[in-house]
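Residues per chain are reported as follows:
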Amino acid sequence: MDPMTQSAQISSSQGIADGQNSAAKESKPSVKDLIHWRDPKKSGVAFGLSLLMLLSLAAFSVISVASYLLLALLCVTITFRIYKSVVQAVQKSSDGHPFKTLIDKDVSIPPETFRKHVDASLSYINRALKQMSRLFLVEDLVDSLKLAVVMWLFTYVGAVFNGITILILADILLFAVPPVYEKNKTQIDQYIDLVRTQVNTTMAKLQEKLPGAVKRSKTE
């Protein structure tokens, strides 16, 4: 085969593969796209399913919800399997198992991918442990006092709401706040800057007055 022709074929196949990969990436919306409602249909489905799941957990136990979901999935797959078998028997066709492509698909997790996620999770865990050690051992008195105030406020939140209720509210806010923020970004940023400046000023004054408080270095 002519080297020029072979090179053209390789370039063409690479271009097709790149196009397929980019199309696959575009077909999978990210979490950011979902919560910003880039595609209202997909965002609506994601919001509805997540809210339905949390409401189900609020009414039933985790075991019951998981059992009902798996039972519903089994009912759908078994019904479809029987339906296709009947159709094949009537039409005398040999299409084979309706889920053959899914059965043949490799669903195993590659060791490299598993190690990659474990390493990433381990870095987050170590960072969290270091931060907890710093806060609970009072390396910085102001930061430890901030944590104490937040925990004290959470005691009141826990007295009013349970964990599932907080998750439901968080799910609603997760899908409601980003679109509102995008439409009113300038005004919201101005208020956030004012609040941040006021908080930083108050904390700086408090840090100067507290005895034994560890002053932050300018580099931090």
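In the annotation of an unreviewed UniProt entry, the entry for the protein chain reads Reticulon, and the organism field reads Pogonophryne albipinna. The record in UniProt for the protein chain states the following under Subcellular location (unreviewed entry): "Endoplasmic reticulum membrane".

Enquirer: I tried to follow helix H6 (residues 111-136) on my own but got confused; where do I start?
Expert: For an α-helix, 3.6 residues make a turn, and residues three or four places apart therefore share a direction. Over its 26 residues, H6 runs 37 Å from end to end, which matches the ideal 38 Å to within 8%, given 1.5 Å per residue. Immediately beyond the C-terminal end of H6, within one or two residues, lies Val138, with a positive phi of roughly 55 degrees.

Enquirer: What is the right way to look at the side chain of Asp171 in this model?
Expert: Following the sequence through the fold, Asp171 ends up in helix H8 (residues 163-183). Lacking a salt bridge, the buried Asp171 has Arg38 as its closest oppositely charged neighbour, with an N-O distance of 17 Å. For Asp171, the residues in contact, after removing those within four places along its chain, are Phe47, Ser50, Leu51 and Leu54.

Enquirer: I keep staring at the packing of helix H3 (residues 40-59) against H8 and nothing clicks. Help me out?
Expert: Working note: a packed helix pair is described by the angle between its axes plus the distance between those axes. Relative to each other, H3 and H8 sit at 170 degrees, their axes nearing to 9 Å. Classified by the angle between their axes, H3 and H8 sit roughly antiparallel to one another. Together, Ser43, Ala46, Phe47, Ser50, Leu51, Leu54, Leu55, Leu57 and Ala58 of H3 and Ile164, Leu167, Ile168, Asp171, Ile172 and Phe175 of H8 make up the contact between the two elements.

Enquirer: It is not clear to me how the packing of aromatic side chains should be interpreted in this structure. Could you clarify?
Expert: Here a ring pair, both rings aromatic, is described through the centre-centre distance and the interplanar angle of the planes. By the definition in use, this model includes six aromatic pairs. Aromatic side chains Phe60 and Tyr68 sit 6.5 Å apart centroid to centroid with 65 degrees between the ring planes, which places their arrangement in the edge-to-face category. The class for Phe60 is partly exposed, based on a relative accessible area of 48%. Residue classification places Tyr68 among the exposed residues on the basis of a relative accessible area of 56%. With a centroid separation of 5.2 Å and an interplanar angle of 85 degrees, the aromatic rings of Trp152 and Tyr156 are classed as edge-to-face. A residue pair is termed a helical-turn pair when its members lie 3 or 4 positions apart in one helix, as Trp152 and Tyr156 do in helix H7 (residues 141-160) at four residues.

The rules behind each value
- Residues numbered from 1 in each chain as written.
- Predicted model: local features only at pLDDT ≥ 70, side-chain atom pairs only at ≥ 80, totals over all residues.
- Heavy atoms only, no water.
- UniProt positions renumbered as here; feature names shortened; annotations may be inferred.
- Helix = DSSP H or I, 4+ residues; strand = E, 2+ residues; numbered from the N terminus.
- Expected span 1.5 Å × (residues − 1).
- Buried < 20%, exposed > 50% of the residue type's maximum accessible area, 1.4 Å probe, protein only.
- Lys, Arg positive; Asp, Glu negative; His and termini not counted.
- Salt bridge = Lys/Arg side-chain N within 4 Å of Asp/Glu carboxyl O.
- Contact = heavy atoms within 4.5 Å.
- Axes fitted to C-alpha atoms, helices over the stretch in contact; angles between N-to-C directions.
- Parallel < 35°, antiparallel > 145°, perpendicular 65-115°, else oblique.
- Phe/Tyr/Trp six-rings, centres within 6.5 Å; stacked < 30°, edge-to-face > 60°.

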